[in-house]
Structure formats: C-alpha cells, structure tokens
Amino acid sequence: MSDEEFQPLEPSLQNVLDQKTLQWIFVGGKGGVGKTTTSCSLAIQMASVRESVLLISTDPAHNLSDAFGQKFSKDPTLVNTYDNLYCMEIDPTGSIQEMIENSDAGAMNSIMQDLAFAIPGVDEAMGFAEVMKLIKNMKYSVIIFDTAPTGHTLRFLSFPTVLEKALSKVSQLSGRFGPMIQQMSGMMGVNADQEDMFSKLEGMRAVINEVNAQFQDPKKTTFICVCIPEFLSLYETERLIQELTDDEIDTHNIVVNQLLYPPKDSTCQQCTVRHKMQNKYLVQIQDLYEDFHVVMLPMLTNEVRGVDNLKQFSQMLVKPFSKAQ
C-alpha cells in the first residue's frame, strides 16, 4: 500500500467496544501514566455495551477505590449507580503466604517456604494462578485488568514457565526428602503430605495454562498500552509491545495521556517548550505504531475522580479529542 493510500486507524477505543468476543482486557504501562483512569474509563464504556463488566486491580498500590470514591476489596463490589459494573482489588502475592499458613504445620510449611523462595517469581505465579482460578468461575461478559507497572506486568507473561520450574522443584524435594519428612512428621504427629501440595500446584498449572491459551487468542484477549509523550514512557511502551508480541498477546491500541495543548495566544514559555517536546515524541509514536489505534488525551486542570468525572472523561476514549484552537 502506498503512502497516498494509507489511512491511519481511528484514534479511538471504539474498536475494543465493538469486539464482542473479547473476554480479557489488560491495561498497562509505566507507573504514573494514567493506567487506572484509563481502565476505569474503559470499564464505564464497556458497561454501556456489555451485560456485565468486572474491573480488577492487580497493582499493590490499588487506586480503584480512590478513582471511584468508593471502597473496594478482594470481593467483587458493584460500582455506585451501576447494576452491571463491578470492581475488586487483589494482591496476587498474598496467595503464597495464605497457602503456607493454611498448610499443615511443621515440615509442610518448611517445604512451602523453600519452594516460595527458591524460585524467583513463584510467589507471584502462584498468586496469579489463584486469582485466575477464582475469576475463571465468575460469570462476567468481560474482565478488565488494571495492572501494576510494566515490569510486574511482563513477569506474569512468564508465569507458566515459572510454575513448571516450581513443579520440578517440588518433585526434587519430594524425591530427596519425602520419606524423611513423612517419618519425622509421623513421629511429631503432624500430617505433612507433600503430595497434597503437588496436586495443588498441578491444579494451578492447569488453570494458568488454560488461561494463557485464551490470552494468546486475539478474539478473546487484547492489551491496551498507556503512556505519556516522554522518552522513558515511550521506551517502556516499546519494550512492552515487543514482549507482548513475542508472547503472542494481541495489542493494537495505545492511549497517550497528559498531552498539553496551550492556546495560540499563550505567553507561557514553559507550556510552549513542553508542547514542542511532546509533539516530538507524539510524531515518533505515530511513526512507530502506524498500525495501532493511538488515542490522544489532554492534560486536564482537575483530577478525574468520582463516577461523574470518569463518565465524562471516558467519552474521549471513543470520540477523538478535539484540541483547543
């Protein structure tokens, strides 16, 4: 296709709303770029076209409660004024500790702690598997993840591999120490059945592998990258998109937040200089991602908090923002 024939994609997330087969939507990017505002706004828009929507925060910082002005917990809770939009805030790293605490005492705990600390990321992987097991059985039309900053998000993509290593580690431990642990636990009157832990991990692996297959299906899953027009954010977005592509996870939408549009007659030198700098990075984004929907959102003078403000802001995700003249 020649340059004359090329038509840039609509700068809107309307394509996400129109894709009725989507079951999982991830919103991610560098810290402080407006992921939570974007995911809340998208959830509001999705609630207008889907039967039921669940928005989950997997960021330990948890900003959903602040954004909606309503307290959320690890259980799905209806957003005020809605009958089909739910939010929940979870800590994926908490599950491993719960498993340790809920296991039989003594030697079993020792194995669990060995496992938890012997393999980098296994605590997050197991936590994520627990979360996926929980929500996989929930009946929502679409589930949106407000993810933690980029590094954390990229790690979950490797969780199936991490769990394979964990299972291998448990097998080694069982083979080497199983008889001794059983003998000692019998003497102490403790039930330390490592097979129970092994079966739990097997169950987690089955869940996470099933979900991972869905994540790699572009009809069911997409990832929306959020950034601001600055070097570090653009760099992280590039890294994120490369990782997503390598892991065969669909991504074709980028939200660029905090764009400055000073009035033509503005005498603010700082505003003018920053506007030029942002434009430089915006041109790079448009060049790099010409086959993406690039949504451009303005820097506002007020915080986007509360349902009404989020509703208003969410309109700009589907109707391209018209910059001030």
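Residues numbered from 1 in each chain as written. Predicted model: local features only at pLDDT ≥ 70, side-chain atom pairs only at ≥ 80, totals over all residues. Heavy atoms only, no water.

Looking at an unreviewed UniProt entry, one finds the protein chain named ATPase GET3, with Smittium mucronatum as its source organism. UniProt lists a comment for the protein chain under the heading Sequence similarities (unreviewed entry), and it reads "Belongs to the arsA ATPase family." (UniProt positions renumbered as here; feature names shortened; annotations may be inferred.)

Draft legend 1. Layout of the layout of surface pockets. Of the pockets and cavities examined, the largest pocket occupies roughly 520 Å³. Lining the largest pocket are 25 residues, with Val-33, Gly-34, Thr-37, Gln-258 and Val-304 positioned closest to its centre. Going through the elements one at a time, α2 (35-47), α3 (64-68) and β7 (253-259) are the ones with two or more residues in the lining of the largest pocket. Broken down by element, the residue count for the lining of the largest pocket peaks at four residues, all from α2. Among the residues forming the lining of the largest pocket, the class breakdown is eight nonpolar, eleven polar and six charged. (1 Å grid on protein atoms, 1.4 Å probe; cavity = no way out; pocket = protein on both sides within 12 Å on 5 of 7 lines; lining within 4 Å. Points joined across faces, edges and corners; volume = space filled by probe spheres on them. Helix = DSSP H or I, 4+ residues; strand = E, 2+ residues; numbered from the N terminus. Nonpolar A, V, L, I, M, F, W, Y, C, P; charged D, E, K, R; others polar.)

Draft legend 2. Layout of the pattern of salt bridges. Scanning all chains against the criterion turns up two salt bridges. Of the charged contacts in the structure, one is a salt bridge between Arg-274 and Glu-230, with a shortest N-O distance of 2.5 Å. Remark: Glu-230 occurs in the loop between β6 (221-227) and α10 (231-246) and Arg-274 occurs in helix α11 (residues 269-288); sequence separation between them is 44 residues. Residues Arg-239 and Glu-236 are paired through a salt bridge, measuring 3.9 Å at the closest nitrogen-oxygen approach. With Arg-239 and Glu-236 both in helix α10 and three residues apart, the pair spans about one turn of that helix. By relative accessible area, Arg-239 is classed as partly exposed at 34%. (Salt bridge = Lys/Arg side-chain N within 4 Å of Asp/Glu carboxyl O. Buried < 20%, exposed > 50% of the residue type's maximum accessible area, 1.4 Å probe, protein only.)

Draft legend 3. The environment of Glu-290, seen in detail. Examined against the element boundaries, Glu-290 turns out to sit in the loop between α11 and β8 (293-298). In this structure, the C-alpha to C-alpha distance between Glu-290 and Gln-7, residues 283 residues apart in sequence, is 9.1 Å.

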